[in-house]
Every structure is written in C-alpha cells, then in structure tokens.
Amino acid sequence: MKSTISNKKLNKKIVPLCDYKGKCKNKAYKEVYPKNKGWSYLCRKHFKQEQKKFKGKLSYCSIDW
C-alpha cells in the first residue's frame, strides 16, 4: 500500500509536508485531527488558519524534529 503523506528529505531526516488541500508543499508544523477526517499535517500558516476556523477547538499534536 502506498502512503498518501508527502515527505521530503531535509537535513538527512525525512519530514512530512503540509497536506492542506493537496496544494501546499511546506514543512509540516503540527499534526491535527479535524472532526471525521483523520489525522493530517499542516504548516504554520494553514494551522493558524484552521484554528481560526474552528475557534481554537482544534485537536492537534506537536511534531518534534
């Protein structure tokens, strides 16, 4: 099975990329869990945008590099 998460090699580490609507290719900042969608990765810009949309009630997990 092929993974749907986009990855990039950065400083000899494989890091996930933002998967916001399949268009953004920035480094992931947080792993979020919007209702009924499953886990996804968001860059800082899209994370803040989604937090405003959900009025700060967005479940997320920090990513350590």
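Definitions and cut-offs
Residues numbered from 1 in each chain as written. Predicted model: local features only at pLDDT ≥ 70, side-chain atom pairs only at ≥ 80, totals over all residues. Heavy atoms only, no water. Core = buried A, V, L, I, M, F, W, Y, C linked by side-chain atoms within 4.5 Å. Buried < 20%, exposed > 50% of the residue type's maximum accessible area, 1.4 Å probe, protein only. Contact = heavy atoms within 4.5 Å. Helix = DSSP H or I, 4+ residues; strand = E, 2+ residues; numbered from the N terminus. Phe/Tyr/Trp six-rings, centres within 6.5 Å; stacked < 30°, edge-to-face > 60°. Lys NZ or Arg CZ within 6 Å of the ring centre and 35° of its normal. Pairing = 2+ DSSP bridges. Axes fitted to C-alpha atoms, helices over the stretch in contact; angles between N-to-C directions.

Draft legend 1. Spatial organisation of the nonpolar core. In terms of nonpolar packing, the biggest core is built from eight residues, these being Cys18, Tyr20, Cys24, Val32, Leu42, Cys43, Phe47 and Leu58. Excluding residues that lie within four positions of it along the chain, Leu58 makes contacts with Val32, Pro34, Phe47, Glu50 and Gln51.

Draft legend 2. The environment of Trp39, seen in detail. As for its placement among the helices and strands, Trp39 is situated in the loop between strand E3 (30-33) and strand E4 (40-42). Beyond its immediate chain neighbours, meaning those up to four positions away, Trp39 contacts Glu31, Val32, Tyr33 and Cys61.

Draft legend 3. Molecular detail of the packing of aromatic side chains. Scanning the model with the defined rule gives three aromatic pairs in all. With a centroid separation of 5.8 Å and 65° between ring planes, the pair formed by Tyr29 and Phe47 is classed as edge-to-face. Pair noted here: Tyr29 is in the loop between strand E2 (13-16) and E3 and Phe47 is in helix H1 (residues 44-53), with a separation of 18 residues, a long-range link. Accessibility expressed as a relative area gives 28% for Tyr29, which makes it partly exposed. Exposure remark for Phe47: the relative accessible area of 5% places this residue in the buried category. The interplanar angle of 75° and the centroid separation of 5.0 Å between the aromatic rings of Phe47 and Tyr60 together place this pair among those described as edge-to-face. Linking Phe47 in helix H1 with Tyr60 in strand E5 (residues 59-62), this pair joins segments that are 13 residues apart in sequence. A network of ring pairs unites the aromatic residues Tyr29, Phe47 and Tyr60 as a single cluster. Positioned above the aromatic ring of Phe47 is the side chain of Lys30, whose terminal nitrogen or guanidinium carbon lies 6.0 Å from the ring centre.

Draft legend 4. The arrangement of the sheet that holds E4 in detail. Taken in spatial order, the three strands make up an open sheet running E4-E3-E5, and their pairing is antiparallel. In the strand order of this sheet, the two ends are held by E4 and E5, each with one partner. Pairwise comparison of adjacent strand axes, ignoring direction, gives a mean angle of 35° for this sheet. In this structure, E3 lies alongside E5, joined through four bridges in antiparallel fashion. Residue pairing in the sheet places Tyr33 in a bridge with Ser59 of E5. Against the sheet, H1 contacts E3, E4 and E5, and its axis sits at roughly 110° relative to E4.

So far we have only geometry, and geometry alone does not tell us how the molecule works.
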